[in-house]
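Structural features, examined
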Amino acid sequence: KPIITLNGVTKTYGNGTTALRDVDLAIGQSEFVSLLGPSGCGKSTLLRLIAGLGEISAGRIDWPQTAHTARGEPEHDIGFVFQEPTLMPWATVFDNVYLPLKLKRMSRRQAAPIIRDALTKVGLENFGKAYPRELSGGMKMRVSIARGLITRPSVLLMDEPFAALDEITRFRLNDDLLAMWAGQHWTVIFVTHSVYESVYLSDRIVVMGARPGRVTADIRIDEPYPRS
Ligand code: ADP
Ligand code: ADP
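Throughout this document, residue positions are counted from 1 along each chain, in the order its sequence is written. Chains and ligands are labelled by the order in which they are written, letters from A for the one and numbers from 1 for the other. Reporting of local features is limited, given that this is a predicted model, to residues whose pLDDT is at least 70; pairs of side-chain atoms are given and counted only at 80 or more, and all residues count toward the totals for whole chains, interfaces and linings. Calculated side-chain values reflect all of the structure's heavy atoms, with hydrogen atoms and water omitted.

Per an unreviewed UniProt entry, the protein goes by ABC transporter ATP-binding protein and derives from Acidisoma cellulosilyticum. The protein has a UniProt comment under Sequence similarities (unreviewed entry) that states "Belongs to the ABC transporter superfamily." UniProt positions are given in the numbering used here, feature names are shortened, and annotations may be inferred rather than shown by experiment.

Throughout, near means a residue has at least one heavy atom within 4 Å of the molecule or strand. Around ligand 1 lies a shell of 13 residues, among which Gly40, Gly42, Lys43, Ser44 and Thr45 are the nearest. Within 3.5 Å is the distance limit for a polar contact, defined as a pair of N or O atoms, with the added protein rule that one can donate a hydrogen and the other accept it, and that residues adjacent in sequence qualify only through two side-chain atoms. Within the side chain of Tyr13, one N or O atom sits 3.4 Å away from a nitrogen atom of ligand 1. Gly40 is positioned with one of its backbone polar atoms (N or O) 2.7 Å from an oxygen atom of ligand 1. The accessible surface values rely on the Shrake-Rupley method and a 1.4 Å probe; as for residues, cover is taken only from the protein chains in view. With the chains in place, 64% of the 560 Å² that ligand 1 exposes on its own is no longer accessible.

Bringing the environment of Tyr131 into the picture now. Its place among the elements puts Tyr131 in the loop between α3 (108–121) and α4 (137–149). Burial classification: accessible surface area is computed with a 1.4 Å probe over protein chains only, and a residue below 20% of its type maximum counts as buried, one above 50% as exposed, and the rest as partly exposed. The class for Tyr131 is partly exposed, based on a relative accessible area of 29%. When the C-alpha positions of Tyr131 and Pro2 are compared, they lie 40 Å apart, and in sequence the two are 129 residues distant. Apart from residues lying up to four places away in sequence, Tyr131 is in contact with Pro89, Trp90, Ala91 and Thr92. Secondary structure elements are defined from DSSP: runs of H or I of at least 4 residues count as helices, runs of E of at least 2 residues count as strands, and each element is numbered from the N terminus. By definition in these notes, contact holds between two residues if any of their heavy atoms fall within 4.5 Å.

All right, on to the site of ligand 2 then. All residues in the neighbourhood of ligand 2 are listed as Phe171, Asn174, Tyr196, Glu197 and Tyr200. Take Asn174: an N or O atom from its side chain is 2.6 Å from a nitrogen atom of ligand 2. Protein chains bury 45% of the 550 Å² of accessible surface belonging to ligand 2 in isolation. Looking at the shell around ligand 2 element by element, the count peaks at three residues for helix α6 (residues 195–201). Here the nonpolar group is Ala, Val, Leu, Ile, Met, Phe, Trp, Tyr, Cys and Pro; Asp, Glu, Lys and Arg are the charged ones; every other residue, Gly included, is treated as polar. Residue classes in the shell around ligand 2 are distributed as three nonpolar, one polar and one charged.

The next point concerns the nonpolar core. Think of a nonpolar core as a cluster: buried Ala, Val, Leu, Ile, Met, Phe, Trp, Tyr and Cys residues, connected wherever their side-chain atoms sit within 4.5 Å. Counting residues in hydrophobic clusters, the biggest one holds 37 residues, and the most contacted among them are Phe32, Ile115, Ile145, Met158, Phe162, Val188 and Phe190. The element that contributes the greatest number of residues to this core is α4, accounting for six residues.

On to the packing of α4 against helix α5 (residues 167–181). For helices, the axis comes from a line fit to the C-alpha atoms of the stretch in contact; other axes are also lines fit to C-alpha atoms, and the angle between any two N-to-C directions lies between 0 and 180 degrees. One way to put it is that α4 packs onto α5 with a least axis distance of 11 Å and a crossing angle of 20 degrees. With respect to α5, the element α4 is oriented roughly parallel. For α4 against α5, the interelement crossing comes out right-handed. Where α4 abuts α5, its residues Gly138, Met141, Arg142, Ile145 and Leu149 lie against Thr169, Arg172, Leu173, Asp176 and Met180. Looking at the contact of α4 with α5, its residues break down into five nonpolar, two polar and three charged. We call two directions roughly parallel when the angle between them is under 35 degrees, roughly antiparallel when it is over 145, roughly perpendicular when it lies between 65 and 115, and oblique otherwise. Handedness of a helix crossing follows the sense of rotation of the near helix relative to the far helix, less than a right angle counterclockwise being left-handed and clockwise being right-handed.

So this is what it looks like as structure tokens:
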């Protein structure tokens, strides 16, 4: 049973731009899916709709395994990592990573060991007290990833997370991400326009573009890059 299904999803923005046309897609539990395609083909739009941000113009997105609230909204837990690390500049690394737990009303004291563990996973165990301006671009991205994963979401959505980084940092983060992913059971949907990245990271590549707003290929990688 898939974790997310899209049936005939179409998105037309207020200005008349159709960003997605009749997209059908089923995402399996624990899949690491790359969404690959040129700028403007609708990747971010697809990710945002999956996250529940914005209205769908036609079609539907369902979470067949997920319980729903009384208002019919899925009670899924998703983490979202954006291209620009959107850290709060006035808050320490610790407090930036704490935010999603704080929103779930967890006390700082209860959260502290979880945050320390997350910072260790991204190699920033000694930077809890640092402020974002003291960190390099790659380190800020590591903080964003730690924050995206802190609630142990069942689905992690990543929108071109490494696009603004130099290639060496990017390769390192690809490896870090795989190391964090190994042994976990999250589903990852990873937007990229790097063919290398998609092949290196994923066990499935969904290609968009050519005809804008449509899925043009759906490739399964039988023997993905070893992850543990
Ligand atoms: P990608 O992530 O692949 O670059 P996007 O989903 O950002 O693609 O954009 C798909 C299309 O929708 C583009 O033509 C873009 O200009 C348009 N678009 C994206 N967001 C908006 C918006 N808020 N309002 C109007 N058009 C938009
Ligand atoms: P080749 O030209 O021999 O195929 P590359 O130049 O593509 O090798 O890659 C060199 C090294 O960088 C390899 O160890 C490869 O695993 C690694 N690498 C390539 N692309 C990526 C990527 N997107 N993320 C992480 N590592 C990568």
